[in-house]
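One letter stands for each residue in the lines below.
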Amino acid sequence: MNQAYQFKQLAENDFPEHRIPDLLDFYRYSPEKYPFYLESSSHNEYLANQQSRYDILFIEPQYWLKLDKHFQLSASTPLAINTNQTFLEAFDDLWQLEQHQNACLTSGKSPEAENFQEHPQFPFSGGWFVFFSYELAQQVEPSLKLPKQEGDLPVAYAARIRSAIIHDHRDDLYYLLAENGLDLESLHRQIVDDIIRSRKAEIKSAAEQPTLSELQEENDAQFIKAASRVTRYIRD
């Protein structure tokens, strides 16, 4: 889904230690706020194409729709859904509602929307992050009788995302991207503050770790006896 969006390049001086953090650092600090990360494994100059050169960290879903492993349909507020629908029916309703809302917006390009044409097209400009498991096929073709899914992953999940951090490996540049209507500068301050708080938490955690106050060499005979016992275990 191509949304009109705004973006800014992130600078090393914006962050502690004057370096842009690894995108996984954001996830480690707050998995709820930075829940999804897509990393390209083919971004060297010989393999990269227009899409595979990017890594994407998605920020704070606006809302979500989920079909759990028991095929129970649920959604975050403020969504109102019919829980008797299939996941795809409910998702289609949300999609159609969004298309209708977009059509009602004032036509014409904003200055921010021009960025979409002037800059090499990002692989994400706002839209949905979706996960469909194989088991979802049962709602498309009810005659299928598939084994019950193990683990806690949902059968299907869709989250509406309006902002992301994108790493362009080819140019080694980082961008903060947000749909029009979001306060880009406020979002920029938030992600910098998150990393500052993350670093403070790491320092505090390191300070609370037990320290080695005394080191004593083990008795020679006791050490040789223990080593001999291990040797017998390996040999026998």
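Here, every reference points to the structure presented above.
Below is a short write-up of the structure. Fair warning: this is a prediction, and the values are worked out from it, not measured in the lab. (Residues numbered from 1 in each chain as written. Predicted model: local features only at pLDDT ≥ 70, side-chain atom pairs only at ≥ 80, totals over all residues. Heavy atoms only, no water.)

## Points about the nonpolar core
Now for step 1: Membership of the largest hydrophobic core comes to 17 residues, with the highest contact counts inside it found for Leu10, Phe15, Phe26, Ile59, Ile165, Leu176 and Ile191.
Now for step 2: Mapped by element, the contributors of at least two residues to this core are helix H1 (23–29), strand E3 (54–59), strand E9 (173–179) and helix H5 (184–208).
Now for step 3: Take this core: its biggest share by element is five residues, from H5.
Now for step 4: Core analysis: the second largest hydrophobic core is formed by 16 residues, Phe7, Phe58, Phe122 and Tyr175 among them. (Core = buried A, V, L, I, M, F, W, Y, C linked by side-chain atoms within 4.5 Å. Buried < 20%, exposed > 50% of the residue type's maximum accessible area, 1.4 Å probe, protein only. Helix = DSSP H or I, 4+ residues; strand = E, 2+ residues; numbered from the N terminus.)

## A short note on the environment of histidine 70
Now for step 1: If you trace the backbone, histidine 70 turns up in the loop between strand E4 (63–67) and strand E5 (73–75).
Now for step 2: According to the relative accessible area criterion, histidine 70 is exposed, its value standing at 57%.
Now for step 3: For the pair histidine 70 and lysine 148, spaced 78 residues apart in sequence, the C-alpha to C-alpha distance is 8.7 Å.

## Side note on unusual backbone geometry
Now for step 1: The amide bond that connects threonine 77 to the next residue, proline 78, takes the cis arrangement and shows omega of 5°.
Now for step 2: Turning to its location among the elements, proline 78 is positioned in the loop between E5 and helix H2 (87–104).
Now for step 3: Unlike most non-glycine residues, phenylalanine 71 shows phi in positive territory, near 65°.
Now for step 4: For phenylalanine 71, the position within the fold is in the loop between E4 and E5.
Now for step 5: Among the residues examined, phenylalanine 71 registers a relative accessible area of 30% and is labelled partly exposed.
Now for step 6: The backbone of aspartate 172 shows a phi angle near 50°, a positive value even though the residue is not glycine.
Now for step 7: Inspection of the secondary structure puts aspartate 172 in the loop between strand E8 (163–168) and E9.

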